[in-house]
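Inside the fold
The lines below spell out each chain.
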Amino acid sequence: MKKVLLSLLVVALMTPIVSAQEWQRPRAWRGYETNRFWDNWEIQGGVGPTFTVKTGSGIADANHWAGYAAVGKWFHPVFGVRFAMEGGKFDYLSAVNNSNVNTSFIFAHPDFMVNLSNWIGGYKERVYNAVLLGGAGIATTSLHPDNKSTRTLEYAFNFGLQNRFNVCKCLSVDLTMNYMLATANL
């Protein structure tokens with residue numbers, strides 16, 4: 001009888017330990033498991049042509065290039081953030097004095113990212129993901145020496161669609177269509 005009571009006591013004492021280990025799973029949010037701070041980081045980089053659209057005119061020629069680098073973190077299979085730095089050149093016809101403005105720019109901005117593929121179709125490994133991104137930041141330009149002003153600093157907004165094609169688990173090729181909205185002074 002002592003052995004049976006001792007066995008029941010051991011089982012009774014072990015039950016809270018087993019159930020406590022089960023409760024130490026990652027937290028879930030709407031059916032998705034959230035991750036730790038060091039999980040799901042990504043580094044992005046890219047280069048592409050710039051098209052300038054000025055109020056009252058059409059799209060200018062894509063005769064300059066821009067590049068960007070970004071560091072991002074996915075907190076959830078649908079939501080993430082990134083910090084991006086863009087830089088390059090663009091030129092346009094100035095409406096103020098009807099002269100051609102040729103300038104380089106640097107644009108630093110945080111973005112909020114939404115993975116539309118995971119939101120609509122649920123989280124699963126797939127070859128293509130559509131990622132909507134948008135944010136705001138500070139843009140600076142260095143104007144051509146013929147102009148009186150040599151540097152401007154403006155608030156600018158950024159939004160775009162990143163078409164992500166996953167090559168393997170650690171690498172993807174992205175086709176990003178990005179739009180930067182700034183004042184006419186920029």
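Bear in mind the structure is a predicted one, so any value in this text is a computation, not a measurement.

1. Description of the overall build of the chain
Within the chain, the secondary structure is distributed over two helices and nine strands. Along its sequence from the N terminus, the chain presents helices and strands in the succession α-β-β-β-β-β-β-α-β-β-β. Among the 186 residues that make up the chain, the fraction classed as buried is 30%. Element-wise, carbon and sulfur atoms account for 65% of the exposed surface of the chain, whose accessible area totals about 13,000 Å².

2. Points about the pattern of salt bridges
Pairing of side chains with opposite charge becomes possible as their charged atoms draw close. Enumeration according to the criterion identifies three salt bridges in this entry. With a closest N to O distance of 3.2 Å, Arg-164 and Glu-42 form a salt bridge. In this pair, Arg-164 sits in strand β8 (residues 151-168) while Glu-42 sits in strand β3 (residues 41-50), placing the two residues 122 residues apart along the sequence. Arg-164 gets classed as buried once you look at its relative accessible area, which sits at 8%. Between Asp-111 and Arg-82 there is a salt bridge, with its nearest N and O atoms 2.9 Å apart. Taken as a pair, Asp-111 in strand β6 (residues 100-115) and Arg-82 in strand β5 (residues 79-93) lie far apart in primary sequence, 29 residues in all.

3. A closer look at the side chain of Arg-126
You can see Arg-126 is positioned in the loop between α2 (116-121) and β7 (128-142). An unpaired buried charge is present at Arg-126: no salt bridge exists, and Glu-125, the closest side chain of opposite charge, is 8.8 Å distant. With sequence-adjacent residues up to four places away left out, Arg-126 is seen in contact with Ser-117, Asn-118, Gly-121 and Asn-166.

4. Some points on the packing of aromatic side chains
Summed over all chains, the structure comprises four aromatic pairs. Ring geometry for Tyr-128 and Phe-165: centres 5.2 Å apart, planes at 45 degrees, overall tilted. Of the two residues, Tyr-128 is situated in strand β7 and Phe-165 in strand β8; the sequence distance between them amounts to 37 residues. Its relative accessible area of 32% is what places Tyr-128 among the partly exposed residues. A relative accessible area of 39% means that Phe-165 is categorised as partly exposed. Among the aromatic side chains, those forming a connected cluster through ring pairs are Phe-79, Phe-112 and Trp-119.

Rules behind the numbers
- Residues numbered from 1 in each chain as written.
- Predicted model: local features only at pLDDT ≥ 70, side-chain atom pairs only at ≥ 80, totals over all residues.
- Heavy atoms only, no water.
- Helix = DSSP H or I, 4+ residues; strand = E, 2+ residues; numbered from the N terminus.
- Buried < 20%, exposed > 50% of the residue type's maximum accessible area, 1.4 Å probe, protein only.
- Areas by Shrake-Rupley, 256 points an atom, 1.4 Å probe, with all protein chains shown as cover.
- Salt bridge = Lys/Arg side-chain N within 4 Å of Asp/Glu carboxyl O.
- Lys, Arg positive; Asp, Glu negative; His and termini not counted.
- Contact = heavy atoms within 4.5 Å.
- Phe/Tyr/Trp six-rings, centres within 6.5 Å; stacked < 30°, edge-to-face > 60°.

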